[in-house]
Amino acid sequence: ELKKFLKIKFDQKERFLKEKLQKEVEEKEWIDVTAPGKKPKVGHIHPLTLAKRKIEEIFQGMGFSVVEGPEIETERYNFDALNIPKDHPARDLWDTFYRKNGLLLRTHTSPMQIRYMEKNQPPLRIIVPGRIFRHEATDASHESNFYQIEGLMVEKEVSVANFKAIIQEFFQK
């Protein structure tokens, strides 16, 4: 009789625990369809963006300003103001992407040097990062667009020694 009694009590407790566990699972897995969704954490910052940000941070730490400009340029800023003559190979249709409206996709970031110098007086200390475009045969080592960064420093008594020190500091950081 004791065995029967205990079996009944154990079975009741087992059913109770299974029901309790089932309720807990249902409550835990229940989804409120009226609640706003949670934005999934996917992806990462592109390696080129990370490199560009790090370069900018290093140069800003050395007193340089970051200047960015348009990717669509005029011939004046892209070539003429930089003393690139009309017969220079860089102006060929095979090297430059010309647009129908007389504009072109910049072939380097140097046009921003001209734009910046037109509006600012020395001393100047800038870097110009950006995407540039060149009409080249695409293969493993060439693409039609890539990223470039250049610097401009105009001050009294600036020399190659300053350039060397800045580049050395950049590479150390």
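For the structure itself, consult the block above.
Note that the structure is a prediction, hence the values are computed from the model and not measured.

As a further point, take the sheet that holds strand β5 (residues 145–154). Judged by pairing direction, the sheet is mixed, and its 3 strands sit side by side in the order β1-β4-β5 without closing on themselves. Looking at strand neighbours, the two that pair on one side only are β1 (65–66) and β5, the edges of this open sheet. As defined by bridge partners, strand β4 (residues 124–133) adjoins β5 across 10 bridges and the pair is classed as antiparallel. Bridge pairing in β5 places V128 opposite E150. Contacts between helix α2 (residues 47–61) and the sheet are confined to β1, β4 and β5, with β4 contributing the most and set at about 165° to the helix.

What follows is about the packing of aromatic side chains. Taken as a whole and assessed by the stated rule, the structure comprises 3 aromatic pairs. Pairing F59 with F64 gives two aromatic rings, centres 5.3 Å apart and planes at 85°, and the pair type is edge-to-face. The pair formed by F59 and F64 is uniform in burial state, with each residue classed as buried. Between F170 and F171, the aromatic rings sit 5.1 Å apart at their centres with planes inclined by 65°, giving edge-to-face as the arrangement.

The next point concerns helix α4 (residues 111–119). For α4, every residue scored as buried is listed here: P111, M112, Q113, I114 and Y116. In the core, the buried residues of α4 are packed alongside β2 (72–73), α3 (75–78), β4 and β5.

Now for the pairing of β4. Judged by how many residues are buried, β4 sits mostly within the fold: 8 of 10 residues are covered. In this sheet, β4 lies alongside β1 in parallel orientation, the contact comprising 2 bridges. Paired with S65 across the two strands is I126, which belongs to β4.

What counts, and where the lines are drawn
Residues numbered from 1 in each chain as written. Predicted model: local features only at pLDDT ≥ 70, side-chain atom pairs only at ≥ 80, totals over all residues. Heavy atoms only, no water. Pairing = 2+ DSSP bridges. Helix = DSSP H or I, 4+ residues; strand = E, 2+ residues; numbered from the N terminus. Contact = heavy atoms within 4.5 Å. Axes fitted to C-alpha atoms, helices over the stretch in contact; angles between N-to-C directions. Phe/Tyr/Trp six-rings, centres within 6.5 Å; stacked < 30°, edge-to-face > 60°. Buried < 20%, exposed > 50% of the residue type's maximum accessible area, 1.4 Å probe, protein only.

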